[in-house]
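If you want the building blocks of each chain, they are given just below.
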Amino acid sequence: MVAQAQTSANGTTGGGAGIRSVDGHVEEGSDPAMAGATSIFDEMTLHDGSIRPAYDTLARWLNAIPKDLLATRSREAEALFRRIGITFAVYGEADSTERLIPFDVIPRILGAKEWDLLRRGLEQRVRAINEYLRDVYGRREVLRAGIVPDDLVFQNPVFRPEMNGQKVPHNIYVHIAGIDIVRVDPETFYVLEDNARTPSGVSYMLENREIMMRLFPELFARHRVAPVENYPDELLATLKSVAPDSASGDPTVVLLTPGVYNSAYYEHSFLADKLGVELVEGRDLFVKGGLVYMRTTQGPKRVDVIYRRVDDDFLDPLSFRADSALGVAGLMSAYQAGNVTLANAVGTGIADDKAIYSYMPDIVKFYLGEEPILKNVPTWRCREPDHLAYVLDHLEELVVKEVHGSGGYGMLIGPAADKAQIASFRTKLKLNPKGFIAQPTLALSTCPTCVDVGIAPRHVDLRPFVLTGRDKIRIVPGGLTRVALKAGSLVVNSSQGGGTKDTWVLEESSASGARRSVLEQIQGPTSEQVQRSAFGVQRQSF
């Protein structure tokens, strides 16, 4: 995804002034495409130079450390990531060699009250998404009420008629959601995108924390950081809670991967290892008598829950693409019989494309009777003539996205585009207005980031992971912060040069002692355990 943002003419923000760099100076540069833009909210430093409370300890630590420490630790982190093989590949590129996703060693910090707001908003949004999916494939009251246009559902390529009237175990469609959040000021967060199909990136959230605890124990000791390492336990509990009623007392869970050539295979193998479940490919499973079985050395074993990282089209060659070698023949028949749970359910894409996104505030109100806690970015639907007319008249100011686009590709960022790019998009919009939406350019927040010349503000987003089980919704504090590493860049995607940060949620000072202390977090894994357990998965593409 692209984080829509504006930046000041010198490539920094109001919050960037006065931050001491690694080599003693503040980055200077220019961003002609964004010249004259409004000031940006920096999450550490306010415009008057004061430090926001959550960052006070970090700011004092940054001012006290040797000037070369961050650069040294950054090299150590890169060497460790390279040694343990945390890589990814980009589809469709001539040079498809595996890459590291850059890791920034300065953490992003959220206070307890800030996180509580996000947590409540995330829970609300995911509850509404699940209600919407249940309704769209069931009674369709949202369509009859005119909240969402019929054609956006029935003509949508990700709508799955096979799911019409289909009951899913415990009425949960989205068990794992990744909700992309951006921020524009101390109080305002926006949802930029909902990921309700097969959201990725959680392995980086976990690994970033391991690296930070290993490289900066003294910094951890000064903060009360909420733990994230319990995510695999929470995920496994969620998956087991949604097993079919016919499952045994201890349901069998597997993780279904497309295989070693998938760009996210490292995450698949990492999560299977952390969950303590089998990592399987389609050829490892078969259907017999309406049940799904896994081939094992001790004979067939029934499978109750499949955490699938395979897209709908490839899940079952008998129901979807007949040429798929990645899925399991007959899987949909077992699913429709209620004998296996797929997480996430088939057809969840109808809840997260960029056109449906624009209706989410109304969807929340319709199903929950509540005002949305988290805002949507204002969105022009180019399918509507008056919206299209406005977008065509203001292309230089807007961000235009393909309704079914992803990864930051196929977009127009008006303030950064040249005349030829704008003319090209104008033609595209006129030919296929239904395929696009447009949004304003947000003054997106920045965080201090370690760059070649020192410390400078860089634009960030946040992807928290929301787990919905039969018993409750679980969210580990934080998520994956993605950072646009180039000065003035709006792109946080790893495929386009973005990096990641560890996200720290500070616990209240009066929090009960039930949670592990920061010192215990630091002392938990030894260096050998970090290498052999947390990161001891074979090098794979991601």
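Every chain's residues receive numbers from 1 upward, in the order its sequence appears when written. Reporting in this predicted model follows two pLDDT cut-offs: at least 70 for local features of residues, and 80 or more for side-chain atom pairs to be given and counted; totals over whole chains, interfaces and linings ignore these cut-offs and use all residues. Derived side-chain values reflect all non-hydrogen atoms in the structure, with water molecules and hydrogen atoms excluded from consideration.

For the bond from alanine 343 to asparagine 344, the omega torsion is 0°, close enough to zero to count as cis. A run of H or I in DSSP counts as a helix once it spans at least four residues, and a run of E counts as a strand once it spans at least two, with each numbered from the N terminus. Of note, asparagine 344 is situated in the loop between strand 12 (341-343) and helix 11 (354-357). The phi angle at histidine 170 is positive, at roughly 65°, despite the residue not being glycine. Residue classification places histidine 170 among the partly exposed residues on the basis of a relative accessible area of 24%. For asparagine 171, which is not a glycine, the phi torsion comes out positive at approximately 60°. Note on placement: asparagine 171 falls in the loop between helix 5 (150-154) and strand 4 (176-183). Three exposure classes are used, based on accessible area relative to the maximum for each residue type with a 1.4 Å probe and protein chains only: buried under 20%, partly exposed in between, and exposed over 50%. Note on asparagine 171: relative accessible area 36%, which makes it partly exposed.

Think of a nonpolar core as a cluster: buried Ala, Val, Leu, Ile, Met, Phe, Trp, Tyr and Cys residues, connected wherever their side-chain atoms sit within 4.5 Å. Core analysis: the largest hydrophobic core is formed by 73 residues, its most contacted members being Tyr132, Val148 and Ile306. Here this core takes nine residues from helix 3 (residues 112-136), the largest share from any one element. The contact definition used throughout considers only heavy atoms, calling two residues in contact when any of these lie within 4.5 Å. In this structure, tyrosine 132 is in contact with Val142, Val148, Val153, Ile350, Ala351, Ile356, Ile363 and Tyr367, ignoring residues within four places of it in sequence. Residues Met44, Ala54, Tyr231 and Ile455 belong to the second largest nonpolar core, which totals 63 residues.

Before going further, it helps to examine the sheet that holds strand 9 (residues 291-294). Two strands form a pair only when DSSP identifies at least two bridges running between them. Spatially, three strands are ordered 8-9-10 in an open sheet, and the strand pairing comes out antiparallel. For this open sheet the edge positions go to strand 8 (285-288) and strand 10 (301-302), each flanked by a neighbour on one side alone. Bridge count between strand 8 and strand 9: four bridges; the pairing is antiparallel. The residue of strand 9 that forms the bridge with lysine 288 is leucine 291.

Time to look at the packing of helix 13 (residues 385-393) against helix 14 (residues 419-431). Between helix 13 and helix 14, the least distance of the axes is 11 Å, while the angle of their chain directions is 170°. On the basis of the axis angle, helix 13 is roughly antiparallel to helix 14. Taken together, the residues of helix 14 that come into contact with helix 13 (itself represented by Leu388, Val391 and Leu392) are Arg426, Leu429 and Lys430. Partitioning the contact of helix 13 with helix 14 into residue classes produces four nonpolar, no polar and two charged. Fitted lines through C-alpha atoms give the axes, limited to the stretch in contact for helices. The angle between two N-to-C directions lies from 0 to 180 degrees. What sets the label is the angle itself: under 35 degrees gives roughly parallel, over 145 gives roughly antiparallel, 65 to 115 gives roughly perpendicular, and the rest give oblique. Classification used: nonpolar for Ala, Val, Leu, Ile, Met, Phe, Trp, Tyr, Cys and Pro, charged for Asp, Glu, Lys and Arg, polar for all others including Gly.

The subject of this paragraph is the environment of glycine 414. In this fold, glycine 414 is placed in the loop between strand 16 (412-413) and helix 14. Spatially, the C-alpha atom of glycine 414 lies 5.1 Å from that of glutamate 397, the residues being 17 residues apart in sequence.

A few words on helix 13. The set of residues buried in helix 13 consists of His387, Leu388, Val391 and Leu392. An end-on view of helix 13 places all buried positions within 130° of arc, on one side of the element. Facing away from the buried surface of helix 13 by more than 90 degrees, the exposed residues are Asp386 and Asp393. The inward-facing, buried residues of helix 13 contact strand 14 (380-381), strand 15 (398-402), helix 14 and strand 17 (436-440). The arc refers to the directions leading from the helix axis to the C-beta atoms.

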